[in-house]
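Summary of structural features
The chain contents come next:
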Amino acid sequence: MTNKIKAAIIGSSGYAGEELTRILANHSFVEIKYLTSKSYLGQNYSDIYQNFNKIINIKCEEDNLDRISKEVDVIFLALPHGIASSKVNYDVLKNSKVIDLGADFRIRDANVYEYWYKTKHNAKSLLNEAVYGLCEIYYGDIKNARLVANPGCYTTCSILSLFPLLKENLIKEESIVIDAKSGVTGAGRSVNLNVHYCETNENIKAYKIASHRHTPEIEQELSLASNKNIALQFTPHLVPMNRGILVTCYAKLKENISTETIKDAYLKYYKDKYFIRLLKDNLYPETKWVKGSNFIDIGIFKDERTNNVIVSGAIDNLVKGAAGQAVQNMNIMFGLDEKTGLQNAPFFP
């Protein structure tokens with residue numbers, strides 16, 4: 001590729017927007033043309049995030065998509081739910097590809113979206129065009145897309161952890177339980193008492209039990225995998241760390257299926273997927289081994305006593321769960337190797 005991809009990040013001052021800026025600043029084939037922020041309008045980006053001192057010299061602008069779309073090749077939307085659907089339209093998509101890191105185009109049924117998110121969807125006509133951007137599953141569709149819905153962090157980890165089991169019809173669909181834990185950045189950068197230091201330090205808690213908005217997204221994709229309507233139990237927890245998602249998924253096997261058969265199912269779908277690391281026996285996924293990376297680590301276990309399968313997955317919620325996956329989607333959409341700009345090793349400690 002001779003000409004660089006011109007990119008705009010709408011909502012660049014949030015955690016996902018900042019992580020996206022960090023990754024794209026080091027991407028060989030990308031030029032960041034616009035950074036927008038409603039809260040920091042007119043300020044230099046490196047004054048908001050001092051880690052970009054001497055790296056990025058761009059002032060935050062207004063998010064005028066009609067104008068910006070005429071000057072860039074791709075627009076990343078890192079906005080709260082309910083906003084993207086009022087900004088993206090056919091005119092914008094004629095000019096530029098769009099990757100939405102929010103929830104507005106993830107749910108295929110507008111009624112389901114409006115029920116769970118308690119807001120009106122303003123671009124229902126685009127839902128049939130939007131491609132769900134889970135790269136390891138929808139690579140071919142993403143390649144030809146102009147509007148991609150970047151999956152959520154809990155959903156990415158949960159779906160990839162369970163997908164082969166449902167695709168191969170190995171588990172009882174009604175038995176799925178997902179126990180999920182997230183670092184505090186998953187709540188965003190806005191002021192919120194629930195994620196203040198004193199509220200989260202030395203504490204772990206469940207929240208939004210049986211009501212978390214990622215539930216229908218997980219059910220939608222696993223239902224498509226199994227060709228059955230999936231209803232599952234999803235319980236998220238907040239843990240006192242900055243980054244990371246750890247999910248532990250439980251399900252009842254349909255019959256006495258061997259451990260090797262289970263592992264073969266994962267190899268069938270993930271053997272050639274670079275960003276999926278299937279762990280060796282007796283290794284358990286840990287968030288510290290994926291931090292700062294676009295990898296998901298998956299561990300697969302069979303409990304012989306209960307005939308349950310237990311699958312654990314770990315990702316960095318800001319990378320594979322948000323910005324990294326968005327860049328992976330962009331790479332696919334523009335015909336690049338999907339690993340481009342994403343091959344840095346996880347950072348440790």
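Below, the structure is looked at part by part. (Residues numbered from 1 in each chain as written. Predicted model: local features only at pLDDT ≥ 70, side-chain atom pairs only at ≥ 80, totals over all residues. Heavy atoms only, no water.)

Before going further, it helps to spend a moment on the pattern of salt bridges. Under the definition given, this model contains 20 salt bridges. Measuring nitrogen to oxygen at the nearest pair gives 2.9 Å for the salt bridge that ties Asp316 to Arg243. Here Arg243 lies in the loop between strand E9 (233–238) and strand E10 (245–252) and Asp316 lies in the loop between strand E13 (308–315) and helix H12 (319–333), a separation of 73 residues in the sequence. Salt bridges sharing partners connect three or more residues here, namely Glu19, Arg22, Arg243 and Asp316. (Salt bridge = Lys/Arg side-chain N within 4 Å of Asp/Glu carboxyl O. Helix = DSSP H or I, 4+ residues; strand = E, 2+ residues; numbered from the N terminus.)

Take the environment of Lys228 next. Its place among the elements puts Lys228 in the loop between helix H10 (215–226) and E9. As for Lys228 and Leu166, which are separated by 62 residues in sequence, their C-alpha atoms are 9.4 Å apart. Setting aside anything within four residues of it in sequence, one finds Lys228 in contact with Asn169, Glu173, Ser223 and Lys254. Among the polar contacts listed, one links the side chain of Lys228 to the side chain of Glu173, at a separation of 3.4 Å. (Contact = heavy atoms within 4.5 Å. Polar contact = N/O pair within 3.5 Å; in protein donor to acceptor, adjacent residues only side chain to side chain.)

In this structure, Leu24, Phe76 and Ile178 are the most contacted members of the largest nonpolar core, which totals 79 residues. It is helix H8 (residues 153–167) that provides the largest number of residues to this core, a total of nine residues. Formed by 22 residues, the second largest nonpolar core is a distinct cluster that contains Ala8, Val92, Leu147 and Ala149. (Core = buried A, V, L, I, M, F, W, Y, C linked by side-chain atoms within 4.5 Å. Buried < 20%, exposed > 50% of the residue type's maximum accessible area, 1.4 Å probe, protein only.)

With that out of the way, let us pick up unusual backbone geometry. In this model, Phe348 is joined to Pro349 through a cis peptide bond whose omega is 5°. Backbone geometry at Asn169 places phi at a positive 60°, although glycine is not the residue there. Tracing the chain through its elements places Asn169 in the loop between H8 and strand E7 (177–182). Backbone geometry places Asn282, a non-glycine residue, at a positive phi of 65°.

In this section: the pairing of E9. Within a regular beta strand, the side chains point alternately toward one face of the sheet and then the other, so they alternate between its two faces. Counting buried residues in E9 gives five out of six residues, a clear majority hidden from the surface. Pairing between E7 and E9: six bridges, direction parallel. Among the inter-strand pairings, Ser182 is bridged to a residue of E9, identified as Leu238. Of the strand pairs in this sheet, strand E8 (residues 205–206) and E9 are connected by two bridges, and their pairing is antiparallel. Following the sheet pairing, Ala206 is matched in E9 by His237. (Pairing = 2+ DSSP bridges.)

With that out of the way, let us pick up the side chain of Thr340. Mapped onto the fold, Thr340 is located in the segment after H12. For Thr340, a relative accessible area of 15% gives the class buried. Residues within four places of Thr340 in sequence aside, it is in contact with His27, Phe29, Val327 and Asn331.

Moving on to the pairing of E13. Among the eight residues of E13, seven are classified as buried, and the element is accordingly described as predominantly covered. Here eight bridges tie E10 to E13, and the two strands are oriented antiparallel to one another. Considered in E13, the bridge of Ile245 is made with Ile315. Note: strand E12 (residues 296–303) against E13, seven bridges, orientation antiparallel. Of the residues in E13, the one forming a bridge with Ile298 is Gly313.

Before going further, it helps to spend a moment on the sheet that holds E9. Taking strand neighbours across the sheet as the criterion, the seven strands line up as E8-E9-E7-E10-E13-E12-E11 in an open arrangement whose pairing is mixed. Among the strands making up the open sheet, the edge pair consists of E8 and strand E11 (276–278). Lying on the sheet, helix H11 (residues 259–270) is in contact with E11, E12 and E13; it crosses E12 at an angle near 160°. (Axes fitted to C-alpha atoms, helices over the stretch in contact; angles between N-to-C directions.)

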